[in-house]
Amino acid sequence: MKKKAKIGMIIFLIIYFTVGIINAIYFVPKDASEVTQGLASRWIIQISDKNAWYTRLNPLTIAMSWAIIIGLVIFAVKVGKNFKLIPDRKQSLTESIFDFMYEIVESVIDDPRFVKPTFMISTTLFIYIAISNVVGGAVPGLNVSLAGGSVKFTLFTDTFFAPTADLNTNLTYALMVFVISHTFAIKAKGFKGWVKSWFEPNPIMFPMNVIGELAKPISHSLRLFGNVGGGAILTFMLSYLVKYLLLPVVFWGFFGLFVGLIQALVFSMLTVAYISAQIS
Amino acid sequence: METSLADALIVMGKAIGAGLAMGLGAIGPGMGEGNIGAHAMDAMARQPEMVGTITTRMLLADAVAESTGIYSLLIAFLILLTL
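Only a predicted model underlies this, so the values are computations on that prediction, with no experimental measurement involved.

1. Focus: the overall build of chain A
- Counting its regular elements, chain A contains 8 helices and 4 strands.
- Traced from its N-terminal end to its C-terminal end, chain A shows the element sequence α-α-β-β-α-α-α-β-β-α-α-α.
- By residue count, 39% of the 280 residues in chain A fall in the buried class.
- Restricting the contact set of chain A to residue pairs at least 6 apart, pairs at least 24 apart contribute 67%.
- Working note: accessible area of chain A is about 16,400 Å², and carbon and sulfur atoms make up 73% of it.

Right under this line is the structure:
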């Protein structure tokens, strides 16, 4: 078992370093302006001539989201089909994640009716965001660059595109959490109690409460977007500064694994916190 | 290649704006994370058996505190690259 892991590690490192050296020899751009050109822009497809927000598509976001969703569904079906008393490796991984999240949710949410729904929402968000951050931050793969108005596909020059590096994905989840928390509040306190909670200390504070509630999804989504998107841009520029040789591995490890996992945990923790603040 | 005065002024404005956004935006998160780290160290010294829990909570609080710094980083990138 241990020898197998060692051999796998060596093969992984050899592939990593070979790809890095190939990158360093063949794919280094000439100057800095070539790198920064079109760096923060996304690949967008225009469906019709009308220039509105609903006629534009982000093909990379959609493709990566569906790839991650299908992978997670396959994993879940595989684990759920043969659920045993003595767990194998996949099952114990799933169980430990669920156990970790359930303990936190149970300690934060007071009302026992809402523990299970909150646990489901926050754990789903955590798993999806963690997988997408790690895939988008630490796994080298297909990269799309928009140099000079044309779309160019390259393999292994950069990491995959993370769906969470697109604000649309994050804003969707943040708004979803917003709606869910208020639905739970209506269920827990009744409609009258919910309306009353807007005028809480005294009616003068109503505008403050509205602004405070509306600021929640914005800061919730922008935090994740800034961390993942900014990490991707920083990785790209720093990799250029060190000529793509060995250090991208370090950046991918930091921005992908460390920051990505922590931000996924923060996102799901804030989900739990917002829901508990609404229903208490 | 000749650059006009207007282009040079635009570049200057971009550089100054991005530098100010990043430099001023880094003050708050720096102080906040310093506070978090200091108090976490205090708590760890008082209760060494709670080190694991305190470290996780400290990282969580750090991630929340640094979000304003991340916003200013995004603004700086937007100014420099897309504006």
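2. A look at the environment of Val-73 of chain A
- Tracing the chain through its elements places Val-73 of chain A in helix 3 (residues 59–81).
- Taking the C-alpha atoms as reference, Val-73 of chain A lies 22 Å from Leu-85 of chain A; in sequence the two are 12 residues apart.

3. Here's the deal with the interface of chain B and chain A
- Between chain B and chain A, the contact holds 13 residues from the first and 19 residues from the second.
- Between chain B and chain A lies a buried interface of about 1,400 Å² when both sides are counted; carbon and sulfur atoms form 81% of it.
- Between the two partners, chain B and chain A, sit 0 salt bridges.
- Summed over the shared surface of chain B and chain A, the number is 2 residue pairs in polar contact (both at pLDDT 80 or more).
- Going through the elements one at a time, helix 3 (51–65) and helix 4 (67–82) of chain B are the ones with two or more residues in the side of chain B that touches chain A.
- When the residues that make up the side of chain B that touches chain A are grouped by side-chain class, the tally is 10 nonpolar, 2 polar and 1 charged.

4. Observations concerning the side chain of Ser-276 of chain A
- Relative to the assigned elements, Ser-276 of chain A resides in helix 8 (residues 248–279).
- Judged by its relative accessible area of 16%, Ser-276 of chain A is buried.

5. Focus on the packing of aromatic side chains
All names here are of chain A.
- Across all of its chains, the model carries 8 aromatic pairs over all chains by this definition.
- Each ring, one from Phe-98 and one from Phe-119, has its centre 5.8 Å from the other, and the planes form 85°; the classification is edge-to-face. Note that Phe-98 is positioned in helix 4 (residues 89–108) and Phe-119 in helix 5 (residues 115–138), a separation of 21 residues in sequence.
- What makes Phe-119 buried here is its relative accessible area of 11%.
- Note on Phe-191 and Trp-194: the rings are 5.7 Å apart at their centroids and 40° apart in plane angle, and the pair reads as tilted.

6. Some remarks on the packing of helix 5 of chain A against helix 6 (residues 167–198) of chain A
All names here are of chain A.
- Their axes nearest at 12 Å, the elements helix 5 and helix 6 cross at an angle of 175°. On the basis of the axis angle, helix 5 is roughly antiparallel to helix 6. Of the residues in helix 6, those in contact with Pro-117, Thr-118, Ile-121, Leu-125 and Tyr-128 of helix 5 are Tyr-173, Met-176, Val-177, Ile-180 and Phe-184.
- Along the lines of polarity and charge, the residues of the contact of helix 5 with helix 6 split into 9 nonpolar, 1 polar and no charged.

7. Focus: the packing of helix 6 of chain A against helix 7 (residues 206–241) of chain A
Residue and element names in this part refer to chain A.
- Orientation of helix 6 relative to helix 7, taken along the N-to-C sense of each, is 150°, at an axis distance of 8 Å. As far as their axial angle goes, helix 7 and helix 6 are roughly antiparallel. Here helix 6 runs over helix 7; the crossing is right-handed. Taking contact as the criterion, the partners of Leu-167, Asn-170, Leu-171, Ala-174, Leu-175, Val-177, Phe-178, His-182, Ser-197 and Trp-198 in helix 6 are, on helix 7, Phe-206, Asn-209, Val-210, Glu-213, Leu-214, Pro-217, His-220, Ser-221, Leu-222, Leu-224 and Phe-225.
- Residues that form the contact of helix 6 with helix 7 fall into these classes: 14 nonpolar, 6 polar and 1 charged.

8. As for the environment of Ala-76 of chain B
All names here are of chain B.
- Looking at where Ala-76 falls in the secondary structure, it is placed in helix 4.
- Classification of Ala-76 by relative accessible area gives buried; the value is 7%.
- Separated by 10 residues in the primary sequence, Ala-76 and Glu-66 place their C-alpha atoms 15 Å from one another.
- When near neighbours in sequence (up to four residues on either side) are disregarded, Ala-76 contacts Ala-18 and Met-22.

Definitions and limits used
- Residues numbered from 1 in each chain as written.
- Chains lettered and ligands numbered in written order.
- Predicted model: local features only at pLDDT ≥ 70, side-chain atom pairs only at ≥ 80, totals over all residues.
- Heavy atoms only, no water.
- Helix = DSSP H or I, 4+ residues; strand = E, 2+ residues; numbered from the N terminus.
- Buried < 20%, exposed > 50% of the residue type's maximum accessible area, 1.4 Å probe, protein only.
- Contact = heavy atoms within 4.5 Å.
- Areas by Shrake-Rupley, 256 points an atom, 1.4 Å probe, with all protein chains shown as cover.
- Buried area = accessible area lost by both parts, 1.4 Å probe.
- Salt bridge = Lys/Arg side-chain N within 4 Å of Asp/Glu carboxyl O.
- Polar contact = N/O pair within 3.5 Å; in protein donor to acceptor, adjacent residues only side chain to side chain.
- Nonpolar A, V, L, I, M, F, W, Y, C, P; charged D, E, K, R; others polar.
- Phe/Tyr/Trp six-rings, centres within 6.5 Å; stacked < 30°, edge-to-face > 60°.
- Axes fitted to C-alpha atoms, helices over the stretch in contact; angles between N-to-C directions.
- Parallel < 35°, antiparallel > 145°, perpendicular 65-115°, else oblique.
- Left-handed = near helix turned anticlockwise from the far one by under 90°.

Bear in mind that shape data such as this cannot, by itself, settle questions of function.
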